[in-house]
Amino acid sequence: GVDLTQHLRDVDVCFNCLHGTLGEDGTIAGMLEVAQIPYTFSGVFGSACGSDKGKSKELLAGKSDVTVVPGKLVRMAEFDASATSPIELPVMVKDPAQGSSKGVWLCKSHDEYTKAMAQVTAADAVVEKFVKGVDIVVCLLQEGTGVTAWPVMEFETELEWQDNAAKNAIWGWEGG
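Parameters and conventions
- Residues numbered from 1 in each chain as written.
- Predicted model: local features only at pLDDT ≥ 70, side-chain atom pairs only at ≥ 80, totals over all residues.
- Heavy atoms only, no water.
- Phe/Tyr/Trp six-rings, centres within 6.5 Å; stacked < 30°, edge-to-face > 60°.
- Helix = DSSP H or I, 4+ residues; strand = E, 2+ residues; numbered from the N terminus.
- Buried < 20%, exposed > 50% of the residue type's maximum accessible area, 1.4 Å probe, protein only.
- Contact = heavy atoms within 4.5 Å.
- Pairing = 2+ DSSP bridges.
- Axes fitted to C-alpha atoms, helices over the stretch in contact; angles between N-to-C directions.
- Patch = residues over 30% accessible without salt bridge, like charges linked within 9 Å, V, L, I, M, F, W, Y side chains within 5 Å.
- Areas by Shrake-Rupley, 256 points an atom, 1.4 Å probe, with all protein chains shown as cover.
- Salt bridge = Lys/Arg side-chain N within 4 Å of Asp/Glu carboxyl O.
- Arc of directions from axis to C-beta.

Visitor: Describe the packing of aromatic side chains, naming the residues involved and giving the relevant values.
Guide: Summed over the entire model, instances satisfying the criterion amount to one aromatic pair. Centroid distance Phe-79 to Tyr-113: 5.9 Å. Interplanar angle 75°. Geometry classified as edge-to-face. Taken together, the residues Phe-79 in the loop between strand E1 (71–75) and strand E2 (91–94) and Tyr-113 in helix H6 (residues 110–119) connect sequence positions 34 residues apart.

Visitor: Before we move on, could you go through the environment of Tyr-113 and cite the residues and values that matter?
Guide: Looking at Tyr-113, the relative accessible area reads 2%, which means it is buried. C-alpha separation for the pair Tyr-113 and Val-127, spaced 14 residues apart in sequence, amounts to 9.4 Å. If near-sequence neighbours (up to four positions away) are discounted, Tyr-113 is found in contact with Val-74, Phe-79, Ala-83, Thr-84, Ser-85, Pro-86, Val-91, Val-93, Cys-107 and Val-127.

Visitor: Mind laying out the sheet that holds E2, listing which residues take part and the relevant values?
Guide: Hydrogen bonds along the backbone pair up the strands of a sheet, which may run parallel or antiparallel. The strand order across the open sheet built from four strands is E1-E4-E2-E3, with neighbouring strands paired in antiparallel fashion. Only two strands of the sheet have a single neighbouring strand rather than two, namely E1 and strand E3 (104–107). Along the sheet, successive strands turn relative to each other by an average axial angle of 25°, direction set aside. Note: E1 against strand E4 (residues 124–129), five bridges, orientation antiparallel. Considered in E4, the bridge of Leu-73 is made with Val-126. Sheet contacts for helix H5 (residues 53–61): E1, E2, E3 and E4; angle to E4, the most-contacted strand, approximately 55°. H6 rests against E1, E2, E3 and E4 of the sheet, and its axis sits at about 165° to E3.

Visitor: Describe a nonpolar patch on the surface, with residues and values.
Guide: A grouping of Val-134, Ile-136, Val-138, Leu-140, Val-147 and Val-152 is seen on the molecular surface, where their side chains present a nonpolar patch of about 570 Å² in accessible area. With respect to the element layout, Val-138 can be found in the loop between strand E5 (135–137) and strand E6 (140–143). By relative accessible area, which is 39% here, Val-138 ends up partly exposed.

Visitor: Which residues make up the pattern of salt bridges, and what values do they have?
Guide: Evaluated as defined, the whole model comprises five salt bridges. Between Lys-94 and Glu-128 there is a salt bridge whose closest N-O contact spans 2.5 Å. Of this pair, Lys-94 sits in strand E2 while Glu-128 sits in strand E4; the two residues are 34 residues apart in sequence, bridging distant segments of the chain. Where Asp-111 meets Lys-115, a salt bridge forms, and the shortest distance between an N and an O atom there is 3.2 Å. Here Asp-111 pairs with Lys-115, and both are found in helix H6, just four residues apart, close to one helical turn. Taken together, the shared-partner salt bridges connect Lys-57, Lys-94 and Glu-128 into one network.

Visitor: Explain H6 residue by residue, including any values.
Guide: For H6, the full list of buried residues reads Tyr-113, Thr-114, Ala-116 and Met-117. Looking straight down H6, one finds its buried side chains confined to an arc of 160°; they lie on one side. Every exposed residue of H6 that faces more than 90 degrees away from the buried side is listed here: Lys-115 and Ala-118. Lining the buried residues of H6 we find E1, E2, E3 and E4.

Here you go:
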C-alpha cells in the first residue's frame, strides 16, 4: 500500500473535487481533518449526512420551513416482495448512500418496485412518492464567515427524470 502520510506532509491545501462515494461521503474530509490539512468541499458531518438520502430526509423533515416529499424508510430485512409499496405508485426507490442519481429507480408498477428493491444494497431503502419537477444545482462558496450562492443551473433532458445516465450524458462523462 501507499503511505499517504509521507505525501500529505507537503500539502498546503487540498482541492477536493472527487466525485463518488469516498470523495462525497466525508471519508476524504475526515482523513484531511485528522492530518490537519485545510480542504474545499463540505465538512465531515455535512458530507456524511448529505450523501445519505435517508439521513438527509430525516434532518430536513425536522425543519418547519422545509417541505419533504412523502416517503417511508423500508428495512430490507423485513422487505416482502409480494407486499405493495408503502407509498402509492409511482414511487422512487433510493439506495440511501449511492449518490445523487445512482441507486435510484423510478417505479410505476409493482414489478418495477420489487426489481428496484432487489437492487438495494443498504440495510434500508428510501421509498418516496414520485414528483415530476425541475432538477437544479446550486453551488455555495464559503468565504470567511459569509456564503455566496452561485447561479442556479438546471439539468435539462427529454427523459422523464434525471437518472445517472442522463446526467453523465449532459456533462459528457463516461461510466458510473
